Amino acid sequence: MEIRRAATVAELLAAGHLYDDPPREDWAARFLAAPGHLMLIAYADDGDGADGFPVGFVSGIEMLHPDKGAEMCLYELSVDEGHRRRGVGRALTEALLAEAGERGCRGAWVGVDTDNDPALATYRSAGAVDEGVFTMRGWTFPDAR
């Protein structure tokens, strides 16, 4: 397995089977152009010398605040069902944390559902500690483009 930072719209679109919804080319381009946004993609080693097949990704957003400096939000982690429980999620998480450290972030955090046992186990195996239960509220804008 190889983990690489996505740098092109084509790479983001090729990992579309790992997303919750079909990717859009315009959104992928905006993602890549946005400062502080990054996606790392894990590729399976197919043994034929090709670039491999995307089997997982982690996305992060570097956030800044006057009293906290830079922190990395682990926005989303996804691993192809056929490649789960092989350390892909942990490797992606650790790669994002390493990138956050290289960027000078003071820390990293992730919001995760309290009943998502696989995600909780992955983050725990990568060194995350439980900082307590919190609730999240959201807004959806119907005309989002």
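Residues numbered from 1 in each chain as written. Predicted model: local features only at pLDDT ≥ 70, side-chain atom pairs only at ≥ 80, totals over all residues. Heavy atoms only, no water.

Novice: Which parts of the structure should I look at to understand the overall build of the protein chain?
Specialist: Check the secondary structure of the protein chain and you find 4 helices and 5 strands. Beginning at the N terminus, the succession of helices and strands in the protein chain can be written as β-α-α-β-β-β-α-β-α. Computed over the C-alpha atoms, the radius of gyration of the protein chain is 16 Å, within 12% of the 15 Å expected from 2.2 N^0.38 for a compact globule of 145 residues. Each principal axis of the C-alpha atoms in the protein chain carries an extent, and together these give about 50 × 35 × 30 Å. Per-residue burial over the protein chain gives 28% buried out of 145 residues. Surface summary for the protein chain: the accessible area is close to 9,800 Å², and the carbon and sulfur share equals 52%. Each charge sign in the protein chain was given a centre, from 14 positive and 25 negative side chains, and these centres are 4 Å apart. (Helix = DSSP H or I, 4+ residues; strand = E, 2+ residues; numbered from the N terminus. Rg over C-alpha atoms; globule rule 2.2 N^0.38 Å. Buried < 20%, exposed > 50% of the residue type's maximum accessible area, 1.4 Å probe, protein only. Areas by Shrake-Rupley, 256 points an atom, 1.4 Å probe, with all protein chains shown as cover. Lys, Arg positive; Asp, Glu negative; His and termini not counted. Charge placed at Lys NZ, Arg CZ, Asp CG, Glu CD.)

Novice: I'm lost on the side chain of glutamate 99 in this one. Help?
Specialist: Mapped onto the elements of the fold, glutamate 99 is located in helix α3 (residues 88-102). Owing to a relative accessible area of 19%, glutamate 99 belongs among the buried residues under this scheme. In this structure glutamate 99 touches Arg5 and Leu38, once residues within four positions along its chain are discounted. (Contact = heavy atoms within 4.5 Å.)

Novice: So what exactly am I meant to see when it comes to the packing of aromatic side chains here?
Specialist: Each pair of aromatic rings is reported with the distance of its centres and the angle of its planes. Under the criterion given, the structure shown has 1 aromatic pair. With a centroid separation of 5.2 Å and an interplanar angle of 75°, the aromatic rings of tyrosine 19 and phenylalanine 57 are classed as edge-to-face. With tyrosine 19 in the loop between α1 (9-14) and α2 (25-33) and phenylalanine 57 in strand β3 (residues 54-65), the pair connects residues that are 38 residues apart, well separated along the chain. Phenylalanine 57 carries the same exposure label as tyrosine 19, and that label is buried. Positioned over the ring face of tyrosine 43 is arginine 4, at 3.9 Å from the centre of the ring. The lysine or arginine in question, arginine 24, covers the ring of tryptophan 27, its NZ or CZ lying 3.9 Å from the ring centre. (Phe/Tyr/Trp six-rings, centres within 6.5 Å; stacked < 30°, edge-to-face > 60°. Lys NZ or Arg CZ within 6 Å of the ring centre and 35° of its normal.)

Novice: I tried to follow the sheet that holds strand β4 (residues 69-79) on my own but got confused; where do I start?
Specialist: In a beta sheet, neighbouring strands pair by backbone hydrogen bonds and run either parallel or antiparallel. Strand order in this open sheet of 5 strands is β1-β2-β3-β4-β5, and the pairing throughout is mixed. Two strands bound the open sheet, and with one partner strand each, they are β1 (2-5) and β5 (107-109). In this sheet, adjacent strand axes meet at a mean angle of 25° when their direction is disregarded. In the sheet, β1 pairs with strand β2 (residues 37-43) via 4 bridges, with the strands oriented antiparallel. Bridging from a neighbouring strand, arginine 4 pairs with isoleucine 41 of β2. (Pairing = 2+ DSSP bridges. Axes fitted to C-alpha atoms, helices over the stretch in contact; angles between N-to-C directions.)

By themselves, these figures tell us nothing about what the structure is for.
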